[in-house]
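# Chains, contacts and geometry: an overview
Take a look at the letters that make up each chain.
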Protein chains: 2
Amino acid sequence: MAETINKRLEDLREVMRREHLAACIFPSTDPHQGEYIPDHWKGREFISGFNGSSGTAVVTLQSAALWTDSRYFIAAEEQLKGTEFQLMKLKIEGTPTIPEWIGKECGAGAEVAVDGMVNSAYSVKELIADLRKQGGITLRTNLDPLAQIWQNRPPIPDHPVEIYPLKYAGEAAHDKITRIRLALRKLHADGMLMSALDDIAWTLNLRGTDVHCNPVFVSYLLISSKDVTLFINKEKLSPEVFAYLKAEGVGVDAYENVKKGLKDYFEYNILLDPDEVNYTLYEVVRRQESGVRSKVEIVEEESPVKRMKTVKNETEIACFRNAMLKDGIAMVKFLKWLDLWKEDSSAAEPLTEISIDRKLTALRAEQPLYRDISFDTIAGYGEHAAIVHYEATPETDIPLQPKGLLLLDSGAQYLDGTTDITRTIALGPLTDEEKKIYTLVLKGHIQIELCKFPSGSSGTQIDILARKDMWREGLNYLHGTGHGVGTYLNVHEGPHQFRMEWKPAPLVAGMTITDEPGIYLPGRCGARTENTLLIVPYRETEFGRFLQFEPLTLCPIDKTPIVLEMMAPEEIAWLNDYHQLVFDRLSPHLDDDEKAWLQEACAKL
Amino acid sequence: MAETINKRLEDLREVMRREHLAACIFPSTDPHQGEYIPDHWKGREFISGFNGSSGTAVVTLQSAALWTDSRYFIAAEEQLKGTEFQLMKLKIEGTPTIPEWIGKECGAGAEVAVDGMVNSAYSVKELIADLRKQGGITLRTNLDPLAQIWQNRPPIPDHPVEIYPLKYAGEAAHDKITRIRLALRKLHADGMLMSALDDIAWTLNLRGTDVHCNPVFVSYLLISSKDVTLFINKEKLSPEVFAYLKAEGVGVDAYENVKKGLKDYFEYNILLDPDEVNYTLYEVVRRQESGVRSKVEIVEEESPVKRMKTVKNETEIACFRNAMLKDGIAMVKFLKWLDLWKEDSSAAEPLTEISIDRKLTALRAEQPLYRDISFDTIAGYGEHAAIVHYEATPETDIPLQPKGLLLLDSGAQYLDGTTDITRTIALGPLTDEEKKIYTLVLKGHIQIELCKFPSGSSGTQIDILARKDMWREGLNYLHGTGHGVGTYLNVHEGPHQFRMEWKPAPLVAGMTITDEPGIYLPGRCGARTENTLLIVPYRETEFGRFLQFEPLTLCPIDKTPIVLEMMAPEEIAWLNDYHQLVFDRLSPHLDDDEKAWLQEACAKL
């Protein structure tokens with residue numbers, strides 16, 4: 001692999017010399033700013049070989065570097081071995097920013113390229129400003145430097161689109177569009193360009209299979225005060241979907257025509273979310289804004305669709321509960337099966353990280369309306385549990401042993417809902433360190449579950465509840481504590497999060513959010529415990545409306561690693577209540593053996 | 001008073017008609033964006049009669065309204081009675097923003113005035129944008145509408161300036177200036193304009209008495225890569241101060257010459273903190289920026305002086321501890337005296353909110369290096385304790401009775417440090433509600449004191465620890481939980497705070513911060529408990545440096561209102577440890593009677 005990468009760097013540098021470029025930047029984004037990138041746009045992986053979900057590669061004429069965050073430090077180190085790429089660890093003291101590094105490597109006055117189509121308007125504008133500070137380095141955005149060197153580049157995906165029935169969506173597309181237009185009015189905008197694929201799928205009540213784990217389809221949606229136009233490869237639409245779109249008042253145009261659509265947009269102003277819309281399309285409108293003949297004005301605001309989508313309606317909530325019930329049943333069957341193996345692992349079939357993932361996925365697939373996994377399973381055993389976004393491959397896969405902790409973070413796409421759950425499971429005897437981190441993580445998880453808060457609080461305020469007990473021990477984790485979850489949509493849904501960084505999105509009733517603190521001790525062990533929660537009303541007083549969390553996830557939490565003396569009485573009480581809920585909800589759907597196993601797993605502490 | 005106000009409105013409207021203005025806006029700020037406003041700039045109070053520290057008055061040709069926050073709802077209601085002014089409650093659902101209200105009252109195309117000198121560049125730019133959205137209302141900023149109608153307007157204060165000795169400041173002015181220039185370099189700026197009076201006082205190691213409670217002096221400071229110029233009324237400077245400034249490399253020019261100073265600034269760029277510098281001065285530079293002959297560029301960043309000033313050096317910390325010791329002695333003498341009164345209040349002299357304030361101030365004034373109070377004492381008894389920023393006046397003053405809670409928030413300016421402390425004191429029997437809110441507030445206070453956190457965390461993350469137990473009871477408070485405290489400087493020092501709103505300033509070792517949760521039940525009672533804390537190292541692990549809080553304030557916390565069953569074991573342990581510390585530190589400085597009283601007050605729970 002290292003050889004292939006170095007050959008590609010050689011090819012790239014030939015292009016760079018021809019174009020007089022001092023450096024090329026390859027982000028991990030695509031024209032739709034999605035989390036999972038269709039292969040066609042995996043330019044950063046093509047050029048660097050690093051396949052993590054987040055990272056930026058920069059290539060100069062004489063050097064190459066890759067920036068990624070703590071989740072991927074270990075994986076990136078592995079994958080970059082033997083290549084020219086130097087690993088740059090984000091958020092670690094001493095790591096230069098990308099513009100700083102380019103400034104040092106390339107010197108003042110250099111020209112650097114990034115493909116404006118695969119970067120958000122905001123990030124490119126920031127990059128331009130930051131590069132300018134490095135002695136006036138300029139940025140070229142109208143070139144895809146890989147176009148000339150990427151042999152056998154995968155095409156843009158073109159899978160068929162399907163209608164998402166109203167009995168799951170709970171609100172018709174034309175009603176959603178009416179609400180969006182109302183929200184746009186409040187932001188003083190006549191229309192908007194939507195490029196986030198999950199926002200488009202949610203708005204139109206359509207789903208697809210263009211993107212790994214995300215049931216979305218590649219397209220743009222342009223809303224004006226009169227028209228709605230879906231820019232999509234028309235071959236993806238059956239006559240039924242065509243008729244449906246027409247009935248909902250949505251016109252269709254070719255995917256490539258989105259630029260033309262923006263040029264033909266003749267209203268006073270248009271909302272472009274600079275974090276969502278890519279720089280090239282943003283610039284198409286901006287040039288009109290400054291043009292003489294047109295007077296369209298850009299309203300730069302967060303897309304109102306993001307927040308609308310995160311607040312689930314009653315139908316969606318009922319469907320969510322149903323999907324979670326099925327997911328809990330599959331998880332219980334899996335955990336019982338794993339317990340059997342633990343009882344006599346030397347005699348039983350050998351298990352590995354990959355084989356248990358296969359088993360769990362098979363059990364989920366037996367459940368009604370199962371469609372897919374919702375993200376790549378993280379099954380990390382022993383020291384692999386300390387690799388935050390570990391994905392077992394045939395090369396890294398290791399056999400389970402009857403000791404230590406197994407971290408299992410997984411989820412499914414059911415037609416009626418998306419699930420996301422992490423359990424850390426003791427496979428046998430544990431060290432004191434393993435017990436301690438497991439208990440601290442569980443305490444953090446429960447402190448979030450117990451939180452009551454004023455409607456409109458932000459996830460940044462609440463995040464510390466999961467960390468405060470760890471911090472007293474000098475422990476921490478560098479990822480967020482939770483994210484929204486879509487309705488048969490993306491498992492990561494914004495803009496609200498629990499996070500140390502500022503996330504202004506207010507938490508309101510009807511939102512889903514995960515609660516997933518962890519502790520990772522590199523080379524030793526890791527633990528994470530995650531439920532998906534629903535935000536529901538708590539009480540109303542003279543100080544306003546207060547909200548609380550209801551766990552949607554229904555699955556026992558392993559009690560064997562708990563250090564009881566570390567638990568507060570309210571934390572023990574919560575765990576007992578939660579286990580009672582799990583037993584009450586799941587047991588009617590289980591056979592006698594499973595029921596007996598669950599009763600034991602849910603017994604009071 | 002109401003008559004006077006209505007007459008002033010009449011005069012103002014005459015000016016408005018002459019100038020073709022549909023509305024005038026009067027903020028509570030001054031050219032230096034200070035918290036305490038010299039009388040000369042109290043335009044909002046002049047026009048509305050409302051004297052709270054925060055509020056904005058707007059007058060149209062036919063209506064008038066005043067916006068203020070929850071701290072002042074009750075006080076403002078009182079003070080606006082009988083005037084045309086309508087009270088607009090900030091952060092309460094349904095309250096229009098100022099631009100929205102002006103839009104409705106004045107209609108599209110109107111012209112509105114605000115004095116650009118007494119508003120920050122940021123707030124005026126935001127106002128311009130928001131008014132534009134209201135059907136294109138425009139803003140005029142080059143007019144002080146009061147200039148023509150304010151008879152006997154108080155002059156700009158001109159008290160003498162004094163040198164703040166190095167034995168208290170710990171770092172010479174020229175060394176601070178060197179550090180500031182270094183920080184400016186990192187922000188790619190050649191110089192800066194300082195207009196915050198406490199920043200100027202800190203930088204130059206000078207103090208003054210121009211502003212109520214704040215030992216500062218009215219001036220501007222312009223730093224370039226070569227020169228430092230203090231713009232100040234020269235009559236305020238003694239020959240000794242003149243000589244000192246010269247020795248520190250600081251030139252002097254007249255206060256009015258600051259605009260000329262900015263026009264004569266001939267470097268490539270200048271840092272202007274848009275939250276600090278007023279709009280008029282900002283525009284002086286901006287017009288040069290867009291001018292043909294000059295190329296000065298504005299660097300819009302937070303002034304680096306703000307953060308530098310908040311991190312205390314070792315001398316300042318030692319002085320702080322000394323000031324807190326003296327303040328604790330005064331508080332103990334006061335509390336013992338109040339206890340004596342409680343023992344037989346019917347026979348003793350009658351006490352009122354004002355008289356106890358007088359007593360406390362007298363006890364503080366006996367301490368060495370005492371200079372002033374650090375803010376207007378809040379002595380609120382009974383239902384007055386529910387008025388967050390209550391200041392007793394002869395009209396509102398009420399006698400204390402041997403029951404209920406007295407909230408006492410006060411502080412002093414000593415030459416070696418500034419103090420800020422709140423104690424809520426049971427004067428006799430309490431209701432269950434009083435005990436409950438007192439205990440919840442104390443729990444919140446202690447949870448902050450107990451917090452350990454990664455260096456660089458923000459106050460927004462930590463704030464919830466003071467609130468989480470209240471929130472479970474549907475209770476809350478709408479002010480921040482804490483703020484920085486200056487070194488013989490302003491009692492409110494930014495930019496770091498504990499607050500529900502986003503405060504990005506990282507908390508680092510050496511900062512002071514108050515910890516002052518409260519609960520206020522209007523018409524019933526209120527409680528707040530406040531210590532000033534110092535941020536100090538906790539431990540360093542593989543997850544980085546962790547910090548903790550050390551209480552600087554040394555004064556017992558009333559134990560009689562505590563509902564013991566509501567307290568967690570760690571909270572009781574903290575209180576016992578804190579009381580031990582208070583006793584150990586203060587008792588050597590007390591007489592036998594006082595010592596005996598303190599021993600009792602500090603006895604273990």
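Please read all numbers here as calculations on a predicted model, not as lab measurements. (Residues numbered from 1 in each chain as written. Chains lettered and ligands numbered in written order. Predicted model: local features only at pLDDT ≥ 70, side-chain atom pairs only at ≥ 80, totals over all residues. Heavy atoms only, no water.)

### Details of the packing of helix H15 (residues 432–450) of chain A against helix H18 (residues 569–586) of chain A
Residues and elements named next belong to chain A. Following both chains from N to C, one finds H15 and H18 inclined at 80 degrees, their axes separated by 10 Å at the closest point. It follows that H15 is roughly perpendicular to H18 by the angle criterion. Packed against H15, whose contacting residues are Leu 442, Lys 443, His 445, Ile 446, Gln 447, Glu 449 and Leu 450, the element H18 presents Glu 570, Glu 571, Trp 574 and Leu 575 at the interface. The residue makeup of the contact of H15 with H18, split by class, is five nonpolar, two polar and four charged. (Axes fitted to C-alpha atoms, helices over the stretch in contact; angles between N-to-C directions. Helix = DSSP H or I, 4+ residues; strand = E, 2+ residues; numbered from the N terminus. Parallel < 35°, antiparallel > 145°, perpendicular 65-115°, else oblique. Contact = heavy atoms within 4.5 Å. Nonpolar A, V, L, I, M, F, W, Y, C, P; charged D, E, K, R; others polar.)

### Remarks on the interface of chain A and chain B
The interface of chain A with chain B comprises 38 residues on the first partner and 38 residues on the second. On inspection of chain A and its partner chain B, the count reaches six salt bridges. Applying the counting rule to chain A against chain B returns nine residue pairs in polar contact (both at pLDDT 80 or more). Only helix H5 (121–133), H15, strand E21 (453–454), helix H16 (459–462), helix H17 (468–472), strand E25 (518–521), strand E27 (531–541) and strand E28 (544–551) of chain A provide two or more residues apiece to the side of chain A that touches chain B. Here the side of chain A that touches chain B is composed, by residue class, of 17 nonpolar, eight polar and 13 charged. (Salt bridge = Lys/Arg side-chain N within 4 Å of Asp/Glu carboxyl O. Polar contact = N/O pair within 3.5 Å; in protein donor to acceptor, adjacent residues only side chain to side chain.)

### Description of the side chain of Lys309(B)
With respect to the helices and strands, the residue Lys309(B) is situated in helix H12 (residues 304–310). Side-chain polar atoms of Lys309(B) contact the side chain of Asp199(B), separated by 2.5 Å.

### Focus on the environment of Tyr36(A)
Residue and element names in this part refer to chain A. Take Tyr 36: it is sitting in the loop between strand E1 (23–26) and helix H2 (43–48). Classification of Tyr 36 as buried rests on a relative accessible area of 16%. Separated by 177 residues in sequence, Tyr 36 and Cys 213 have C-alpha atoms that sit 7.8 Å apart. Sequence-distant contacts of Tyr 36, defined by excluding residues within four places in its chain, comprise Asp 30, Val 211, His 212, Cys 213, Asn 214, Ser 374, Phe 375 and Asp 376. (Buried < 20%, exposed > 50% of the residue type's maximum accessible area, 1.4 Å probe, protein only.)

### Some thoughts on helix H11 (residues 279–289) of chain B
Residue and element names in this part refer to chain B. For H11, the tally of buried residues reaches eight of 11 residues, placing the bulk of the element in the interior. Along H11, the positions that sit buried rather than exposed are Tyr 279, Thr 280, Leu 281, Tyr 282, Glu 283, Val 284, Val 285 and Gln 288. Taken together, the buried residues of H11 touch helix H5 (121–133), strand E8 (192–194), strand E10 (220–223), helix H10 (258–263), strand E13 (269–271) and strand E14 (297–299). Backbone nitrogen of Thr 280 and a side-chain oxygen of the N-cap are separated by 3.2 Å at the start of H11; the cap is Asn 278.

### Considerations on the confidence of the model for chain A
The predicted model of chain A has a mean per-residue pLDDT of 96, with 99% of residues at 70 or higher. As scored by the predictor, the complex reaches a pTM of 0.92 and an ipTM of 0.91. (pLDDT = per-residue confidence, 0-100.)

### A short note on the pattern of salt bridges
Residues and elements named next belong to chain B. One pass over the structure, following the stated rule, counts 72 salt bridges over all chains. Between Lys 125 and Glu 300 there is a salt bridge, and its shortest N-O distance comes to 2.8 Å. One end of the pair, Lys 125, is in helix H5; the other, Glu 300, is in the loop between E14 and H12, and 175 residues separate them in sequence. The exposure class of Lys 125 is partly exposed, given its relative accessible area of 32%.

### A closer look at the relation of the copies chain A and chain B
Note on the copies: chain A fits chain B at an RMSD of 0.0 Å, the axial shift is 0.0 Å, and the rotation between them is 180 degrees. Within this description, the copies of the chain are treated as partners about a two-fold rotation axis. Closest approach to the rotation axis within chain A is made by the C-alpha atom of Gln461(A), at a distance of 2.5 Å. Most of the interface of chain A is mirrored in chain B, where 100% of its interface residues again form contacts. (Least-squares fit on C-alpha atoms with pLDDT ≥ 70 in both.)

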